[in-house]
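What follows is each chain in one-letter form.
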Amino acid sequence: MKVVIVGAGVAGLTAALRADALGHEVELVVKGRLREGSTVHAQGGIAGAYGPGDSAALHALDTMHAGDGHGDPLAIAALVDGAAEAIDALVRAGVPFDRAADGAIARGLEAAHSLPRIAHAGGDATGRAISDALTARLDSTRVRVREQAFATDLVTADDAVHGIRLHGIRLVGIRLLSGETIDADAVVLATGGAGLLYPVTTNPSGTTGDGIAMVLRAGAPVADLEFVQFHPTVLAGDSPFLISEAVRGAGAVLRDADGRRFVFDDHPDGELAPRDVVARAVARQALAQGSPVLLDATALGAAALASRFPMIDAELRRRGIDWSREPVPVSPAAHYLMGGVVTDVDGRTALPGLWAVGETARTGVHGANRLASNSLLEGAVFGARAADSLTHTSLPYEFVPPGSDRSGTNSYGSTSCGSGERVGAEQHGGMRGFSRQSLQQLMWERVGLLRDDDGLADAVRTLHAWEAPAPRTPAEQEDANLLIVARATASAALARTDSLGAHFRLSPALIGAA
Ligand code: FAD
Ligand code: SIN
């Protein structure tokens, strides 16, 4: 059958290679070039219970625990049980995972994992290694690759998906050609996350929630958008740069301005507590002391830092920072979206003909806070499962979303994004019209790491008052996508009145103290 896969990160590439191997006719489209998106930037690695003393059951427990109990057990089981095969497949595809002295894949430690179980490549260049290996494999397949092909919307008829529409970016004289469509028996969305909702993010520039926006426009269910993960250790300053959690796993610690390891005030595991806990501790301490906290890796020594984390080491040194001698100022940045397009354990969405995989999807594996290095794994496991489950839309279709007992909550089907009273946007701090920058600032201030009732209500009102201009360019299409995803995110956050995982609501008494 004809399959269109949108996106070439770990999830899209895995799905494309597997679907080709199964004999499908595959077209892989990306809005920019290959090797863009988040995958190529991944540092720490890919999780899998492949070491002595470890087990898929323990990995599942850690995943559920980090997700604050909100994960879906069936989806988590599919994830952890699929890890060994997914990592084997990456090895067969040519990913040069780092090896221990005995020849086994080396195992790194990251926060909230009971044991070291993170496979990495090139030290801290795991995403590059995976992206390069999978992309190179395309050459020996029949997959048709189309770069500079910006997918704008799903083509739907009779409540099913029959293809995608591309942005008409070619100008003939003064006329903008309307976008062409690609017909398909199956569409797989693998468009990544939405880090660009925020002004400070680890994500690359095209991470604008396009797939989620397409599904919202098509009226299909999304869920858990209120759960946005902020990474605690991003180099503070104008040009954010991630310093991997694996550095803390190797022994680096977080210190306040007095040199004290403050994260233990919040959690007995200190720097290796779940990521949402550490990110909030870092943000609160920075507010309290009026300056960023410090990541102290000096005890690891210059040689170990350079050999285990060569990419981070080189980047810091390029910026004039010798982290073997001085602690580094760090602060949180938007990093990962736990929510997304609701899928079953095979990536099927509620719309016949449409699958979603990777960060775009809400499979239920991450709950309210993703366990470190489970995202590359999710892309590899569910990319393959989606390919294995491809069927014609004309066949009888049954979609059972994971955790459907929770379908009464705000999460499923929050497509209306709330009704939102229309008020003047000037109510938000004098920001008058919609722009990407004003949206990002609003999301940072009102729908960020620490949230409160008034801020969330203001964000929902303001986002619904803003209109994005009818998109004429890919950048304007991204802006429109960010606005629709921001509305859904803020509305979901407002509707979830309790704190859970990465969604943290300050009680009024705490607001002054935060
Ligand atoms: P992506 O890799 O983001 O790819 C998205 C693809 O979709 C791209 O090809 C893009 O061009 C395409 N696309 C998007 N919109 C459109 C459109 N409209 N039309 C056509 N194409 C489109 N996770 C881990 O598990 N371990 C780690 O160590 C780790 N480190 C990270 C470090 C950084 C700095 C970042 C940013 C993330 C990290 N993550 C890590 C998270 C992880 O990298 C991502 O969640 C994962 O790679 C997402 O893969 P994906 O295939 O879903 O999407
Ligand atoms: C990191 O290396 O700190 C990022 C790991 C992840 O996001 O899973």
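Since the model is a prediction, treat every value here as computed from it, not as a measurement.

About the criteria used
Residues numbered from 1 in each chain as written. Chains lettered and ligands numbered in written order. Predicted model: local features only at pLDDT ≥ 70, side-chain atom pairs only at ≥ 80, totals over all residues. Heavy atoms only, no water. Helix = DSSP H or I, 4+ residues; strand = E, 2+ residues; numbered from the N terminus. Buried < 20%, exposed > 50% of the residue type's maximum accessible area, 1.4 Å probe, protein only. Contact = heavy atoms within 4.5 Å. Near = heavy atom within 4 Å. Polar contact = N/O pair within 3.5 Å; in protein donor to acceptor, adjacent residues only side chain to side chain. Areas by Shrake-Rupley, 256 points an atom, 1.4 Å probe, with all protein chains shown as cover. Nonpolar A, V, L, I, M, F, W, Y, C, P; charged D, E, K, R; others polar. Expected span 1.5 Å × (residues − 1). Salt bridge = Lys/Arg side-chain N within 4 Å of Asp/Glu carboxyl O. pLDDT = per-residue confidence, 0-100.

Glancing now at the overall build of the protein. Across its full length, the protein holds 15 helices and 19 strands. Across the 514 residues that make up the protein, the buried fraction comes to 59%. Looking at the protein alone, contacts between residues at least 24 apart form 72% of all its contacts between residues at least 6 apart.

A few words on the site of ligand 1. Near ligand 1 lie 36 residues; those nearest to it are Thr39, Gly45, Glu359, Ser375 and Leu376. The backbone of Ala11 places a nitrogen or oxygen atom 3.1 Å from an oxygen atom of ligand 1. Across the complex, the protein chains shield 97% of the 1,000 Å² of accessible surface that ligand 1 would expose by itself. For the shell around ligand 1, the secondary structure elements donating two or more residues are helix H1 (10–21), strand E16 (328–337) and helix H11 (374–388). Among the elements that make up the shell around ligand 1, the one with the highest residue count is H11 (3 residues). Class assignment of the residues belonging to the shell around ligand 1 gives a composition of 14 nonpolar, 18 polar and 4 charged.

On to helix H13 (residues 453–465). Taking 1.5 Å of rise per residue, 13 residues should cover 18 Å, and H13 covers 18 Å from first to last C-alpha, within 8% of that figure. Looking only at H13, the buried set comprises Gly455, Leu456, Asp458, Ala459, Val460, Thr462, Leu463 and His464. Considering only its buried residues, H13 is in contact with helix H12 (436–446) and helix H14 (474–495). Where H13 starts, the residue carrying a side-chain oxygen 3.1 Å from the main-chain nitrogen of Asp454 turns out to be Asp452.

Examined against the element boundaries, Asp72 turns out to sit in the loop between helix H2 (56–66) and helix H3 (73–81). Assessed through its relative accessible area of 4%, Asp72 is described here as buried. A polar contact is formed between the side chain of Asp72 and the backbone nitrogen of Leu74, at a distance of 3.2 Å. Here the side chain of Asp72 touches Ala75 through a polar contact of 3.0 Å, landing on its backbone nitrogen.

Per the counting criterion, the structure on display carries 38 salt bridges. Note that Glu147 is salt-bridged to Arg33, the shortest N-O span being 3.4 Å. One end of the pair, Glu147, is in the loop between strand E5 (144–146) and strand E6 (151–157); the other, Arg33, is in the loop between strand E2 (25–29) and strand E3 (46–47), with 114 residues separating them in the sequence. Relative accessible area serves as the criterion here: at 32%, Glu147 is assigned to the partly exposed category.

The full set of residues close to ligand 2 is Gln43, Gly44, Glu110, His231, Leu242, Ser244, Glu245, Arg275, His335, Arg370, Ala372 and Ser373. A distance of 2.6 Å separates an oxygen atom of ligand 2 from a polar backbone atom of Glu245. Computed on the free molecule, ligand 2 has an accessible area of 260 Å², of which 92% lies beneath the protein chains in the complex.

A separate point is the confidence of the model for the protein. Overall, the prediction assigns the protein a mean pLDDT of 91, with 90% of residues at 70 or greater. Predicted confidence for residues 405–431 stays below pLDDT 50, and this span has 64 contacts to residues more than four positions away or in other chains.

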